[in-house]
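# Fold and contact review
Each chain, letter by letter, is given below.
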Amino acid sequence: MTRRAGHADASSRGYLVTAPHPSGPARRGTRPGGGAAAADSDDSGLLAALLDGMDAALCAFDADGTVTHWNREAERILGWSAEEAVGRRGLAGWAVREADAEEVTARLLGVMETPGRQVHEFALLTKDGGRVLVRLQTSAVPGPDGRPTGAYCAFSEVHTQIDLERSIALSEGLFGDASWGVVLVDADLRPALANAHAARALRTGRTALLGRPLGDLLDQGVEELEGALQHVLAAGAPPAPTDLWVTLRDATGAASERRCWRSGFLRLASPLAEEPVPLGVAWLFLDVTKTRLAEQESARLRFRGNQLHRAGRAVAECEDPMEGAALYMDFALAGFADHAVIDLLPKPVAAPEGTVRLLRAAATPAGAPGPCPVAALSGLPVPYADGHPALQAVERCGSVRAGSDRTDGWAPARKWPDGTEHALATVLRSRGRTLGAVTFLRGPSRRPFDRADATYAEDVASRVAASIDLAVTAEAAAKAEAEAGTVGWCDRPVG
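Basis of the calculations
- Residue positions are given per chain, counting from 1 as you read along its sequence in written order.
- Local features in a predicted model are, by the rule used here, given only for residues with pLDDT of at least 70; side-chain atom pairs are given and counted only at 80 or more, and totals for whole chains, interfaces and linings are based on all residues.
- The side-chain figures draw on all heavy atoms in the structure; neither hydrogens nor water molecules are used.
- To qualify as a nonpolar core, a set must consist of buried Ala, Val, Leu, Ile, Met, Phe, Trp, Tyr and Cys residues joined through side-chain atoms within 4.5 Å.
- Relative accessibility decides the category of a residue: with a 1.4 Å probe and only protein chains considered, values under 20% of the type maximum give buried, values over 50% give exposed, and everything between is partly exposed.
- Under the scheme used here, helices are H or I runs from DSSP no shorter than 4 residues and strands are E runs no shorter than 2 residues, and both carry numbers assigned from the N terminus.
- Contacts were defined at the residue level, with two residues in contact if any of their heavy atoms lie within 4.5 Å.
- Each cavity reported here is a set of points on a 1 Å grid over the protein atoms alone in which a 1.4 Å probe fits but cannot get out, each pocket an open set with protein on both sides within 12 Å along at least five of seven lines, and each lining residue one with an atom within 4 Å of a point.
- Grid points are joined across faces, edges and corners, and a volume is the space filled by probe spheres set on the points.
- Classification convention: Asp, Glu, Lys, Arg as charged; Ala, Val, Leu, Ile, Met, Phe, Trp, Tyr, Cys, Pro as nonpolar; all other residues, Gly among them, as polar.
- One requirement defines pairing of two strands: DSSP has to find at least two bridges between them.
- Every axis corresponds to a line fitted to the C-alpha atoms, with the helix fit spanning only the stretch in contact, and the corresponding angles, defined between N-to-C directions, vary from 0 to 180 degrees.
- An angle below 35 degrees is treated as roughly parallel, one above 145 as roughly antiparallel, one from 65 to 115 as roughly perpendicular, and anything else as oblique.
- The crossing is said to be left-handed when, going from far helix to near helix, the turn is anticlockwise and less than a right angle, and right-handed when the turn is clockwise.
- Between the first and last residue of a helix there are one fewer steps than residues, each counted as 1.5 Å, and that sum is the expected span.
- Definition of a polar contact: a pair of N or O atoms within 3.5 Å, with one able to donate and the other able to accept a hydrogen when the atoms are protein atoms, and with sequence-neighbouring residues admitted only if both atoms are side-chain atoms.
- On a scale of 0 to 100, pLDDT captures the predictor's confidence in every residue.
- Stacked, edge-to-face and tilted labels apply to pairs of Phe, Tyr and Trp rings (six-membered ring for Trp) whose centres lie within 6.5 Å, assigned for plane angles under 30 degrees, over 60, and everything in between, in that order.
- Geometrically, a lysine NZ or arginine CZ counts as sitting over a ring once it is within 6 Å of the ring centre and also within 35 degrees of the ring normal.
- Salt bridges, as used here, are contacts in which a Lys or Arg side-chain nitrogen is within 4 Å of a carboxyl oxygen on Asp or Glu.

## Some points on the nonpolar core
I342, L428, F440, V464 and I468 are the most contacted members of the largest nonpolar core, which has 32 residues in total. Elements supplying a minimum of two residues to this core: α9 (289–315), α10 (321–333), β12 (339–349), β13 (359–363), β15 (422–430), β16 (433–442) and α13 (451–484). Residues in contact with V464, not counting those within four places in the same chain, are A325, Y328, M329, I342 and L428. Residues V86, V96, L124 and L136 belong to the second largest nonpolar core, which totals 29 residues.

What follows is the structure, encoded as structure tokens:
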């Protein structure tokens, strides 16, 4: 059955009703047989679809204040159906209280006498007798001659409008000069929008980073960041923020500095799609490098202090002072270095003069990690080349750091285990005398030694030197006693 055009067709939809318009003269050029009626039917159906598809509630009035249009969202908010609303004269008594009707009608229809749009807030009545506060935008409807023939108003609940305005204000605030960096990343993992804070953190401009791969901005940590973004796109935001360590690139593309960013992620989905379609990820981050470095340094100092305390307790139970020196090395290596070597001078001296020769006293195994055994002094010096870090530490009475030049044979040439990348040699001094040097070694998986590491190594070296000095003193006393001989029991005077 074919639906009738005009008022009947709109009524059959149940959501939009328009008042019948006076029929005018037939259009020029229309064919008899319903051509104009078919065009009106198409226009009415298109109008009904457009109005009912709006997210905002809409109603319209003619010049006399009669309701001519009423869409689906207006019915949802107020409860009045299109059949109940269209054709009523004004809103008094059903959508507005009688006491407020005169003022509301005057403000709604007053837009026909003033140009532009007007915004109002009214308390409207719902069909069940409740009241809802709405915000309306009203505008005049011009006729063919340009004169107003009516008015229409689009309205929504105030709290919905306020939520929208808050969302817009939040977006503007985040993408202004916020204290957090905010970057919108599209589904291809490329920045689509960034605020000023993020641009400064990435050492680039807000527009310069848009559309560029993250690998152009970051040297290290880009895999972790892209993995996090892909996880958010696939499974949603993680339950808590996470720390990401990244290394930035400078203007030339080389790695510049390492930073720690406390990062949170939000998956963005379109509210207009029937199914959630990810538009990208909102990446919010804050630079916490100073805080994390301070926490790491504090934890490192606590651990090293505990190690020295435990070492002191263990060394106190050692009868052999050299065994105590080796035990200090075992405790110091934990979390600090991979290997350690103790080299001693043939005899303690106040200040070494001339050519320095060192004898191997103790060393950790070159293969798997293990205890630092004490070696018997053979009297043969270790064949260190001139300029060796251990020799420099003895000559300078201080600490010397060294790093690999990435060439084959760098470590074996210095008589260190193969694979050594970083070295720290520290002098052993006790009672104003130089006893030798201790060298700590690190492999390629560890970072180079820094000044804080040198301070810790010097602290360990002072304890090792005290034990070795005690061993040397005890050995010298035993040797002197052996050379002087002992008094037999029969030679002792009686009485």
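Read on, since the account is not over.
## Observations regarding the environment of Y456
Within the secondary structure, Y456 is located in helix α13. Under the relative-accessibility criterion, Y456 is labelled buried at 7%. As a C-alpha pair, Y456 and L301 span 155 residues in sequence and 8.9 Å in three-dimensional space. Each residue touching Y456, except ones within four places of it in the same chain, is listed here: R304, Q307, L308, A332 and F336.

## Regarding empty space enclosed by the protein
For the structure shown, the criterion picks out 2 cavities of 30 Å³ or more. Quantified by volume, the largest cavity comes out at close to 50 Å³. Around the largest cavity, the lining residues are F61, G65, G90, L91, V104, T105, L108 and L109. No other element matches the 4 residues that helix α5 (residues 98–109) contributes to the lining of the largest cavity. What the second largest cavity holds in volume is close to 40 Å³. Along the walls of the second largest cavity sit C59, W70, L78, L91, L124, L136, C153 and F155, which together make up its complete lining. For the lining of the second largest cavity, a count of residues per class yields 8 nonpolar, no polar and no charged.

## A short note on the sheet that holds strand β3 (residues 118–125)
With respect to topology, 5 strands assemble into an open sheet ordered β2-β1-β5-β4-β3, the strand pairing being antiparallel. Sheet topology places β2 (67–70) and β3 at the edges, where each strand pairs with a single neighbour. The average undirected angle you get between the axes of adjacent strands in this sheet is 30°. Examined bridge by bridge, strand β1 (residues 57–62) and β2 share 3 bridges and lie antiparallel to one another. Among the inter-strand pairings, C59 is bridged to a residue of β2, identified as W70. Across the sheet, α5 is in contact with β1, β3, β4 (131–142) and β5 (148–157); its angle to β3 comes to roughly 150°. Strand contacts of helix α6 (residues 158–174): β3, β4 and β5, with the helix running at about 75° to β5, the strand carrying the most contacts.

## As for the packing of α9 against α10
Direction vectors running N to C along α9 and α10 enclose 155°, while the axes themselves pass 9 Å from each other. Between α9 and α10, the interaxial angle falls into the category roughly antiparallel. Two packed elements cross with a definite hand, and for α9 against α10 that hand is right-handed. Side by side, α9 and α10 meet where Q307, R310, A311, G312, A314 and V315 of the first sit next to G324, L327, Y328 and F331 of the second. Grouping the constituent residues of the contact of α9 with α10 by class yields 6 nonpolar, 3 polar and 1 charged.

## Some points on α10
Over its 13 residues, α10 extends 19 Å from the first C-alpha to the last, a length consistent with the 18 Å expected when each residue adds 1.5 Å. The element α10 is largely enclosed, with a buried count of 10 among its 13 residues. Of all the positions in α10, only P321, M322, G324, A325, A326, Y328, M329, F331, A332 and L333 are classed as buried. With a side-chain oxygen lying 3.1 Å from the backbone nitrogen of M322, the N-terminal cap of α10 falls on D320. The positive-phi residue at the C-terminal boundary of α10 is G335, with phi of around 70°.

## Here's the deal with the packing of α9 against α13
The description of two helices packed together rests on the angle between their axes and the distance between the axes. In contact at an axis separation of 12 Å, α9 and α13 are set at 5° when each is read in the N-to-C sense. On the basis of the axis angle, α9 is roughly parallel to α13. Of the residues in α13, those in contact with E297, R304, Q307, L308 and V315 of α9 are A452, D453, Y456, D459, V460, R463 and S467. Each residue belonging to the contact of α9 with α13 can be placed in one class, and the counts come to 5 nonpolar, 2 polar and 5 charged.

## A closer look at the confidence of the model for the protein chain
For the protein chain, the average pLDDT comes to 82, and 85% of its residues sit at 70 or higher. Ranking the helices and strands of the protein chain by mean pLDDT puts β15 first, with 96, and helix α1 (residues 7–13) last, with 36. A low-confidence stretch, residues 1–34 stays under pLDDT 50, and its non-local contacts, those more than four residues away or across chains, total 49 contacts. Across residues 487–495, where pLDDT falls below 50, the model places 1 contact with residues more than four positions away in sequence or in other chains.

## Here's the deal with the packing of aromatic side chains
In the structure shown here, the tally under the stated rule is 9 aromatic pairs. Ring centres 5.9 Å apart and planes at 55° place the aromatic pair W261 and W283 in the tilted group. Of this pair, W261 sits in strand β10 (residues 255–269) while W283 is found in strand β11 (residues 278–287), placing the two residues 22 residues apart along the sequence. Like W283, W261 is buried. The rings of F336, F440, F449 and Y456 are connected pair by pair, giving a single aromatic cluster. We note R442 situated over the ring of F336; from NZ or CZ to the ring centre the distance is 5.3 Å.

## Considerations on the side chain of T426
Tracing the sequence through the fold places T426 in strand β15. By relative accessible area, which is 2% here, T426 ends up buried. Among the polar contacts listed, one links the side chain of T426 to the side chain of S399, at a separation of 3.4 Å.

## With respect to the pattern of salt bridges
One pass over the structure, following the stated rule, counts 25 salt bridges. Between R249 and D219 there is a salt bridge, and its shortest N-O distance comes to 3.3 Å. With R249 in strand β9 (residues 242–249) and D219 in strand β8 (residues 218–220), the pair connects residues that are 30 residues apart, well separated along the chain. Residue classification places R249 among the partly exposed residues on the basis of a relative accessible area of 24%. The closest approach of N and O atoms between D338 and R446, which form a salt bridge, is 2.9 Å. Within this pair, whereas D338 is found in the loop between α10 and β12, its partner R446 is found in the loop between β16 and α13, the two being separated by 108 residues in sequence. Ionic contacts of the salt-bridge type, sharing partners, join the residues R304, R442, R447, D450 and D453 into one network.

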